[in-house]
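One-letter residues, chain by chain:
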Number of protein chains: 2
Amino acid sequence: MPAKPLRVALAGFGTVGGGLVRVLQENQELIRQRIGRDIEVRKVLVRDVHKPRAVALPEGAVLTSNPDELADDPDIDVLVELMGGIDAPHALITRALERGKHVVTANKALLAENGIGLFQMAAEKGLSLRYEASVAGAIPIVETLKKSLAGNRIESLVGILNGTSNYILSAMSSEGLDFDTALKQAQELGYAEADPTLDIDGHDAAHKLVLLIRLAYGQEYPYTAMPIRGIRGMNRMDIEFAREFGYRIKLIAQAHVEDGRLAARVCPTLVHHTYLLARVGGSFNAVRVEGNAVGSLFLHGRGAGDLPTASAVMGDLLAVARGERPDNTGFVAQTPERAAILPPEEVRSRYYVRVMVHDTPGVLRDIAAAMADEGISMAQVIQKTGEREGVPLVFMTHEASARAMRNALSRAVKAGLLTTPAVAYPVL
Amino acid sequence: MPAKPLRVALAGFGTVGGGLVRVLQENQELIRQRIGRDIEVRKVLVRDVHKPRAVALPEGAVLTSNPDELADDPDIDVLVELMGGIDAPHALITRALERGKHVVTANKALLAENGIGLFQMAAEKGLSLRYEASVAGAIPIVETLKKSLAGNRIESLVGILNGTSNYILSAMSSEGLDFDTALKQAQELGYAEADPTLDIDGHDAAHKLVLLIRLAYGQEYPYTAMPIRGIRGMNRMDIEFAREFGYRIKLIAQAHVEDGRLAARVCPTLVHHTYLLARVGGSFNAVRVEGNAVGSLFLHGRGAGDLPTASAVMGDLLAVARGERPDNTGFVAQTPERAAILPPEEVRSRYYVRVMVHDTPGVLRDIAAAMADEGISMAQVIQKTGEREGVPLVFMTHEASARAMRNALSRAVKAGLLTTPAVAYPVL
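Bear in mind the structure is a predicted one, so any value in this text is a computation, not a measurement.

Sorry if this is basic, but what is going on with the overall build of chain A here?
Assigned secondary structure in chain A consists of 15 helices and 18 strands. Across its three principal directions, the C-alpha atoms of chain A cover 85 × 45 × 35 Å. Scored against the burial criterion, the 428 residues of chain A give a buried share of 59%. Put simply, of all contacts in chain A between residues at least 6 apart along the chain, 73% involve residues at least 24 apart. Positive and negative side-chain charges of chain A, numbering 47 and 50 respectively, have mean locations separated by a distance of 2 Å.

Looking at this structure, how should I read the packing of helix H1 (residues 15-26) of chain B against helix H13 (residues 306-321) of chain B?
Each pair of packed helices can be summarised by the angle the axes make with each other and by the distance between the axes. Residue and element names in this part refer to chain B. Where H1 meets H13, the axes come as close as 8 Å, and the angle between the chain directions of the two elements is 65°. The interaxial crossing formed by H1 with H13 has right-handed handedness. Side by side, H1 and H13 meet where Thr 15, Val 16, Gly 19, Leu 20, Arg 22, Val 23 and Leu 24 of the first sit next to Asp 306, Leu 307, Thr 309, Ala 310, Val 313, Met 314 and Leu 317 of the second. Residue classes in the contact of H1 with H13 are distributed as nine nonpolar, three polar and two charged.

Looking at this structure, how should I read the interface of chain A and chain B?
Many structure descriptions define interface size as the accessible area lost when the parts assemble. Counting residues at the interface gives 52 residues for chain A and 51 residues for chain B. Buried area between chain A and chain B, both sides added, is near 4300 Å², and the carbon and sulfur share of it is 51%. Put simply, chain A and chain B have four salt bridges between them. Two residues, A:Glu324 and B:Lys147, come together in a salt bridge whose shortest N-O distance is 3.2 Å. Linking chain A to chain B there are 26 residue pairs in polar contact (both at pLDDT 80 or more). For the side of chain A that touches chain B, the secondary structure elements donating two or more residues are helix H1 (15-26), helix H2 (28-35), helix H7 (141-148), helix H11 (203-217), strand S12 (295-302) and helix H13 (306-321) of chain A. Taken together, the residues of the side of chain A that touches chain B break down into 24 nonpolar, 15 polar and 13 charged. Relative to strand S12 (residues 295-302) of chain B, S12(A) runs antiparallel, the two being bridged by three bridges. Residue pairing across strands places A:His300 opposite B:Phe298, the latter belonging to S12(B).

Hey, could you run me through the sheet that holds strand S4 (residues 78-81) of chain A in this one?
Pairing between the strands of a sheet is mediated by backbone hydrogen bonds and can be parallel or antiparallel. Residues and elements named next belong to chain A. If you walk across this open sheet you meet the six strands as S3-S2-S1-S4-S5-S6, and the pairing is parallel. Only two strands of the sheet have a single neighbouring strand rather than two, namely strand S3 (62-64) and strand S6 (129-130). Note that strand S5 (residues 102-105) and S6 share two bridges and pair parallel. Looking across to S6, one finds that Val 104 is bridged to Arg 130.

Please clarify how the relation of the copies chain A and chain B should be interpreted in this entry.
Of the transformation placing chain A onto chain B, the axial shift is 0.0 Å and the rotation is 180°, giving an RMSD of 0.0 Å. Between the two chains, the operation in question is that of a two-fold axis. Scanning chain A for the C-alpha nearest the rotation axis identifies A:Leu299, at a separation of 2.3 Å. Most of the interface of chain A is mirrored in chain B: 98% of its interface residues are interface residues there too.

Would you mind going over H2(A) with me for this structure?
Along an α-helix, residues three or four apart share an orientation, since each turn contains 3.6 residues. Residues of H2(A) that are buried include every one of A:Leu30, A:Ile31, A:Arg34 and A:Ile35, and no others. Axial view of H2(A): buried residues confined to an arc of 110°, hence all on one face. If you follow the buried residues of H2(A), they end up packed against H1, strand S2 (39-45) and H13 of chain A together with helix H7 (141-148) and helix H11 (203-217) of chain B.

For this particular structure, what's the right way to read the environment of A:Asp366?
Residue and element names in this part refer to chain A. On the secondary structure map, Asp 366 appears in helix H14 (residues 363-373). Taking C-alpha positions, Asp 366 is 39 Å from Leu 161, a pair spaced 205 residues apart along the chain. At 3.1 Å, the side chain of Asp 366 forms a polar contact with the side chain of Arg 365.

Which parts of the structure should I look at to understand the pairing of S12(B)?
Here is the key point about a regular strand: its side chains alternate between the two faces of the sheet. All names here are of chain B. Here eight bridges tie strand S11 (residues 284-291) to S12, and the two strands are oriented antiparallel to one another. Note that in S12 the partner of Val 289 across the bridge is Leu 297. Taking the residues between adjacent antiparallel strands as the criterion, S11 and S12 are bridged by three residues.

What am I meant to see in the side chain of B:Thr269 here?
Residues and elements named next belong to chain B. Residue placement: Thr 269 occurs in strand S10 (residues 261-272). Residue classification places Thr 269 among the buried positions, given a relative accessible area of 0%. A polar contact of 2.7 Å, which involves the side chain of Thr 269, links it to the backbone oxygen of Cys 267. When residues no more than four places from it in sequence are discounted, the contact partners of Thr 269 are Arg 248, Ile 249, Lys 250, Ile 252, Pro 426, Val 427 and Leu 428.

In this structure, what is going on with helix H6 (residues 116-125) of chain B? I would like to understand it.
Residues and elements named next belong to chain B. Of all the residues in H6, the buried ones are Ile 116, Leu 118, Phe 119 and Ala 122. An end-on view of H6 places all buried positions within 165° of arc, on one side of the element. Contacts from the buried residues of H6 go to helix H4 (87-98), helix H5 (108-114), strand S6 (129-130), H11 and strand S8 (219-220). Two residues or fewer after H6 comes Gly 126, characterised by a positive phi angle close to 70°.

Sorry if this is basic, but what is going on with the pattern of salt bridges here?
Side-chain pairs of opposite charge can arise where the charged atoms are in close proximity. Residues and elements named next belong to chain A. For the structure shown, the criterion picks out 65 salt bridges over all chains. Notably, a salt bridge pairs Glu 240 with Arg 236, separated by 3.4 Å at the nearest N-O pair. Of the two residues, Glu 240 and Arg 236 are both situated in helix H12 (residues 236-244); the distance of four residues between them amounts to about one turn of the helix. For Glu 240, a relative accessible area of 40% corresponds to the partly exposed category.

For this particular structure, what's the right way to read the pairing of strand S9 (residues 247-258) of chain A?
Residue and element names in this part refer to chain A. Where strand S7 (residues 154-160) and S9 come together, four bridges link them in antiparallel fashion. When the bridges of S9 are listed, Leu 157 appears paired with Ala 255. Hairpin connection of S9 to strand S10 (residues 261-272): two residues between the antiparallel strands, including Asp 259 at a positive phi of 50°.

How each quantity is defined
Residues numbered from 1 in each chain as written. Chains lettered and ligands numbered in written order. Predicted model: local features only at pLDDT ≥ 70, side-chain atom pairs only at ≥ 80, totals over all residues. Heavy atoms only, no water. Helix = DSSP H or I, 4+ residues; strand = E, 2+ residues; numbered from the N terminus. Buried < 20%, exposed > 50% of the residue type's maximum accessible area, 1.4 Å probe, protein only. Contact = heavy atoms within 4.5 Å. Lys, Arg positive; Asp, Glu negative; His and termini not counted. Charge placed at Lys NZ, Arg CZ, Asp CG, Glu CD. Axes fitted to C-alpha atoms, helices over the stretch in contact; angles between N-to-C directions. Left-handed = near helix turned anticlockwise from the far one by under 90°. Nonpolar A, V, L, I, M, F, W, Y, C, P; charged D, E, K, R; others polar. Buried area = accessible area lost by both parts, 1.4 Å probe. Salt bridge = Lys/Arg side-chain N within 4 Å of Asp/Glu carboxyl O. Polar contact = N/O pair within 3.5 Å; in protein donor to acceptor, adjacent residues only side chain to side chain. Pairing = 2+ DSSP bridges. Least-squares fit on C-alpha atoms with pLDDT ≥ 70 in both. Arc of directions from axis to C-beta.

Printed below as a string of structure tokens:
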């Protein structure tokens, strides 16, 4: 006798929700071979039940606009939350957990900003709260950190976690577009939202980084403490100069441990062209993990989109259907401790710096002096010939703290050396 | 009260066994945080108990040269098999399963050639038989196929699965070494065995491909039916010509489904330089999986070595320690059906071909005619100037079956066009 189907309530029937319904249908026979039971969508929550849908409602499923009908239905085993936002899904997931339902979600903002209580509640109830789809789309980085690398001390995490930003930077780099044109192209192709703030200002990547840090270190790096800088207003000139030095500029989310404290940030960063991370094009995502046993592990895949995200949701649903023991955080403690944080100002790296200067003798000497006064030494310099707004003076430094770099640039400003604000990006 | 430790018997105390003991020691505190219990090595099986060891025996562990002392000890929960070979580990694993012990192994040869009975026995006993370390070293491809991608119909698998071969090809490509010199270098650096047959003749990659096919398709592609060609005797000339066309030569293990039948092979293959697979250097491994939801997923990491392999074994050990439900094949059926196989002769691909010909007028025409007679059309041609053994004539073809290529080359031989045997490699 076949096992009973797993009964799903789906909250959100947009791109990803529609993709999930399609994959469940297309791969139905395969799912039976994998887990010996069916997965059936019984209820679908939408804002407007009368709106026409691109994907047909699964057979036997009911549309509703009332979230309580999902959480309170005793014939539902698992809630799949694909609504987006924070408050509404938080209320729905809380209620579903209270009513004994497992939860699968793709909601990185919710989990990063407000997830701890949910993990605690799931643990108390012995329920699964799974979220593979919330970080790096189709890339199985949540499972990899939670399970496959669990025997490793993680030394560093480096990710390209925002497909929109990577699409824009790739288009600027390969097609020579400026930022605004590349953003517009991304919006036209559906790679960027009408309001792209979360993506291009780095918040989305930071949400994901908070989740990866929890999985890798079992610690909470509060989202509000994370230094975040996005790609808005990126100048094509810097992409070209970086290339002259052999680098690509990527929006990099990274974390590592230094003397027992966590250093983390989201920032446009130079990546040497020989690194696999430099080869991540278009809207793809990638994560590089370094551990004390695994060495360097690199995962690359689609970071968004209906079917890739559905693939990650499916992995979670099948785990629930198999009856896998909940292990939501990957640690015994279901409430991570607050991380000891290395103040962002103290984080050290090499830097790429571009300043626009007056084309007068001695200006390189004066800039170099401003750097030297903060203990920063220059490793390579390119000086270009004059333009209207001044001459770009571009250099790579040896390792320096963020504080030293800020101070050196502010010395240069005070000395009247710069015609426009400086640009400084760390080098991976 | 803390949970009881997981008690391990370790068979084999060489490179990987020593690495595992080191990682267990170094990461002991972390393991407690992850799973809430200790992992203790209680017995270690070696051939010679008197031989001096590079790594100290774990505290409380006993050395033995009698495998039955591992399998029959009621105080052992799990056997970790890192002996290598086939018959001895088969006997030991069988006996351990009979006695109710979980098994973790890195033994791809055993599982590929003789694994089905072991999976069946583990399933009957409700025991875990885990083998993440057996394919692609530290890369979590077993878990990824079994769990994360379980909701996908897998469209293709492409892997660089043998680090020794990849090291040799990389050294030939980047340092301009010939095959014998590169092999010797690999042996001196410990990347190749004194007897490198399993690696450079493709058998090791084929063993791993058989395991990946089982995980992806739930089907058995018998090892004895797999077309296998290694890199032995690879000519540097072909690496250079391939580069002129924009390709790298890699030892590629691949499988895909065509009209419901499995096409699979291990063969030196041209990979376009823009592919991530072309960027896999030295002894690294990589796997690219394409699925109908995930799209393209690429995983890259260390394919061998003490600590990377130990990382994979640790992942499996921690899963056993957590009490994860055994799910050894990733399918309900624990005995995969024999795959419907597309005869290797019918598998189609583009080809790189190099023939050595007499430098006489009309030879290109005659070669092209031999190809055309088998329905093969040439896409690009390079003709070089004369050398002693004849002139290399190099071309890329449009898609052709392996049979058509063999027939066309044998036509060219019969027509007396070639001065030495032809070289033909498929293009990915």
